[in-house]
Amino acid sequence: MTNLIVAKRYARALLELGKEDGKFEQYGREVLEFVGILNQSPELEPALANPAFAFEGRKNLLDAVLAKAGLSPMVNNFFKLLMDRGRIGAARGINEVYQQLIDEVKGITRAEVVSAAGLNDAEIQRLSATLKEVVGREVKLEVKEDPSLIGGVVARIGDLVLDGSVRTQLESLKDSLRRGEYA
């Protein structure tokens, strides 16, 4: 819980700076790029965040990574501030929150879609258009597979859940039969 609070605080601060200078999308790409570097080198994040290592050594390592990444001065300073405040380990969470905040500023809603089988591009576009009509905003889909659904899809947009899965329909039919409700 504390990590989420920290991530929100720092992500919002960077977003406000980005909105002031009109570079909030660029900063989002750069934060994502930094997290990509952490993902490519699994030993890097512990080396940066572990207080058991000397602070100067960790700071020098961060400087080397930032120099190689070629990020803007604002984002470089942002990560240096995180290091100075002992929050560099929150970079992944900050990235996640920051990307969500960018979507909010741009009027984009995120949706998670789970399907029984993989969806092709045409199906994803149709589903995205349908969900856009439902929520009245642009929708960014995250598509996952779950064969236990048997068929159909389940879409989650914030608190709204649209369940068109065969599994749920079968469970509903089974419950109706148990209660003696016959269609």
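Residues numbered from 1 in each chain as written. Predicted model: local features only at pLDDT ≥ 70, side-chain atom pairs only at ≥ 80, totals over all residues. Heavy atoms only, no water.

Caption draft 1: Looking closely at the side chain of Asn95. Mapped onto the fold, Asn95 is located in helix α6 (residues 91–105). Residue Asn95 is classed as buried on the basis of its relative accessible area of 8%. Separated by 3.5 Å, the side chain of Asn95 and the backbone nitrogen of Leu32 make a polar contact. Excluding residues that lie within four positions of it along the chain, Asn95 makes contacts with Gly28, Val31, Leu32 and Val35. (Helix = DSSP H or I, 4+ residues; strand = E, 2+ residues; numbered from the N terminus. Buried < 20%, exposed > 50% of the residue type's maximum accessible area, 1.4 Å probe, protein only. Polar contact = N/O pair within 3.5 Å; in protein donor to acceptor, adjacent residues only side chain to side chain. Contact = heavy atoms within 4.5 Å.)

Caption draft 2: Broad picture of the pattern of salt bridges. Here the structure, examined in full by the defined rule, presents 11 salt bridges. Taking the shortest distance from any N to any O, the salt bridge between Asp103 and Arg110 comes out at 2.6 Å. The exposure class assigned to Asp103 is buried, which follows from its relative accessible area of 3%. The residue Glu112 makes a salt bridge to Arg156 at a minimum N-O spacing of 3.7 Å. Placement of Glu112 in strand β1 (residues 108–115) and of Arg156 in strand β3 (residues 153–157) is noted, with a sequence separation of 44 residues between them. Each of Glu112, Glu142, Lys144 and Arg156 takes part in salt bridges that share partners, so that together they form one network. (Salt bridge = Lys/Arg side-chain N within 4 Å of Asp/Glu carboxyl O.)

Caption draft 3: Geometry of the packing of aromatic side chains. Under the definition given, this model contains three aromatic pairs. With centroids separated by 6.4 Å and ring planes inclined at 70°, the aromatic side chains of Tyr10 and Phe78 adopt a geometry described as edge-to-face. Here Tyr10 is found in helix α1 (residues 2–21), whereas its partner Phe78 is found in helix α5 (residues 73–84), with 68 residues between them in sequence. According to the relative accessible area criterion, Tyr10 is buried, its value standing at 9%. Ring plane angle 70° and centroid distance 5.5 Å describe the contact between Phe78 and Phe79, whose orientation is recorded as edge-to-face. (Phe/Tyr/Trp six-rings, centres within 6.5 Å; stacked < 30°, edge-to-face > 60°.)

Caption draft 4: Region of the structure containing the packing of helix α4 (residues 55–69) against α5. Remark: α4 packs on α5, axes separated minimally by 11 Å, with the N-to-C direction vectors making an angle of 165°. Regarding the angle of α4 to α5, the classification is roughly antiparallel. Here the hand of the crossing between α4 and α5 comes out right-handed. Contacts from Phe55, Arg58, Lys59, Leu62, Asp63 and Leu66 of α4 reach α5 at Asn76, Phe79, Lys80, Met83 and Asp84. Of the residues assigned to the contact of α4 with α5, the class counts are five nonpolar, one polar and five charged. (Axes fitted to C-alpha atoms, helices over the stretch in contact; angles between N-to-C directions. Parallel < 35°, antiparallel > 145°, perpendicular 65-115°, else oblique. Left-handed = near helix turned anticlockwise from the far one by under 90°. Nonpolar A, V, L, I, M, F, W, Y, C, P; charged D, E, K, R; others polar.)

Caption draft 5: Here's a closer look at the packing of helix α2 (residues 24–40) against α6. In contact at an axis separation of 9 Å, α2 and α6 are set at 150° when each is read in the N-to-C sense. In terms of orientation, α2 and α6 fall into the roughly antiparallel class. As for the relative orientation of α2 and α6, their crossing is left-handed in sense. Residues Phe24, Glu25, Tyr27, Gly28, Val31, Leu32, Phe34, Val35, Leu38 and Asn39 of α2 pack against Ala91, Arg92, Asn95, Tyr98, Gln99, Ile102 and Val105 of α6. Broken down by class, the residue content of the contact of α2 with α6 amounts to 11 nonpolar, four polar and two charged.

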